[in-house]
Amino acid sequence: VEKYEALSYTWGQPGFNHQIICDDKQLPITQNLFEALRQLRKGGERVLWIDAICINQSDDDEKSAQIPYMRNIYKLADRVVIWLGTADADAIAAFEWIDRAAGSVVKKSEEELNRARGFPPFKGAGSEKWEPVLKFFSRAWFGRVWVVQECAMAKEAVV
């Protein structure tokens with residue numbers, strides 16, 4: 001099997017408002033996939049498995065036939081690339097908070113951890129500082145059921 005990466009993402013808003021060339025054919029894609037591909041091409045040449053490209057989306061029989069293979073597609077991928085959407089100020093702030101929280105993993109109470117790291121309480125005064133984190137985890141990717149399988153099967157997953 002040729003080495004490849006599998007993309008875990010959401011289609012985003014309905015509508016195929018962009019096109020790419022794949023095997024000398026024009027292929028319509030969504031805005032979210034277009035943005036993901038623009039970012040991912042910065043890493044150089046790579047082989048990607050992407051459902052919207054690798055499965056004929058206008059053929060319901062083919063789509064149904066491919067579902068049983070999805071587990072192995074993600075399992076056999078060298079890594080799963082998770083596309084959560086375009087970075088914005090909230091996403092950057094959320095990652096900074098998550099990084100700080102991950103750095104404070106010690107056996108202390110939640111209150112002690114928050115106080116030690118300068119975190120405001122989750123509710124009440126100062127809780128608005130958690131808004132970027134809440135907005136980040138409200139992104140569509142976190143609401144997809146399939147992401148559990150896509151991530152659980154991954155040898156390696158990168159965001």
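Residues numbered from 1 in each chain as written. Predicted model: local features only at pLDDT ≥ 70, side-chain atom pairs only at ≥ 80, totals over all residues. Heavy atoms only, no water.

- Named according to an unreviewed UniProt entry, the protein is Heterokaryon incompatibility originating from Hyaloscypha variabilis.

**Here's the deal with the nonpolar core**
Note that soluble globular proteins tend to have their nonpolar side chains buried in a common cluster.
Alright, step 1. By size, the foremost hydrophobic cluster in this structure holds 21 residues, and its most contacted members are Y4, A6, W49, M70, I73 and Y74.
Alright, step 2. The set of elements that each furnish at least two residues to this core consists of α4 (70-76), β5 (79-82), α5 (89-102) and α7 (131-136).
Alright, step 3. Each of domain 1 (5-85 + 139-153) and domain 2 (89-132) accounts for three or more of the residues forming this core.
Alright, step 4. Ignoring any residue separated from it by four or fewer positions in sequence, one finds M70 in contact with W49, I55 and Q149.
Alright, step 5. Membership of the second largest hydrophobic core comes to 12 residues, among which are L7, I20, L33 and W83. (Core = buried A, V, L, I, M, F, W, Y, C linked by side-chain atoms within 4.5 Å. Buried < 20%, exposed > 50% of the residue type's maximum accessible area, 1.4 Å probe, protein only. Helix = DSSP H or I, 4+ residues; strand = E, 2+ residues; numbered from the N terminus. Domains from an automatic or database assignment. Contact = heavy atoms within 4.5 Å.)

**Concerning the packing of aromatic side chains**
Alright, step 1. Within this structure, the stated rule accounts for 7 aromatic pairs.
Alright, step 2. These aromatic residues form a ring-pair network of at least three members: F95, F136, F137, W141 and F142. (Phe/Tyr/Trp six-rings, centres within 6.5 Å; stacked < 30°, edge-to-face > 60°.)

**Things to note about the sheet that holds strand β6 (residues 157-158)**
Alright, step 1. Read from one edge to the other, the open sheet built from 4 strands follows the order β4-β1-β5-β6, with strand pairing classed as parallel. Single-partner strands in this sheet number two, and they are β4 (48-49) and β6.
Alright, step 2. The sheet contact formed by strand β1 (residues 5-8) and β4 spans 2 bridges and is parallel. When the sheet's bridge partners are listed, A6 is paired in β4 with W49.
Alright, step 3. Packed on one face of the sheet, helix α1 (residues 31-40) meets β1, β4 and β5 and runs near 140 degrees to β1. (Pairing = 2+ DSSP bridges. Axes fitted to C-alpha atoms, helices over the stretch in contact; angles between N-to-C directions.)

**Observations concerning the pattern of salt bridges**
Alright, step 1. With the rule as written, the count across this model stands at 6 salt bridges.
Alright, step 2. Across the pair R79 and E5 runs a salt bridge whose closest N-O atoms are separated by 2.5 Å. Remark: E5 occurs in strand β1 and R79 occurs in strand β5; sequence separation between them is 74 residues.
Alright, step 3. Ionic pairing is found between D60 and K63, a salt bridge with its closest N-O pair at 3.4 Å. You can see D60 and its partner K63 sitting in helix α3 (residues 60-66), 3 residues apart, about one turn around the helix.
Alright, step 4. Members of the salt-bridge network, linked through shared partners, are E5, R46 and R79. (Salt bridge = Lys/Arg side-chain N within 4 Å of Asp/Glu carboxyl O.)

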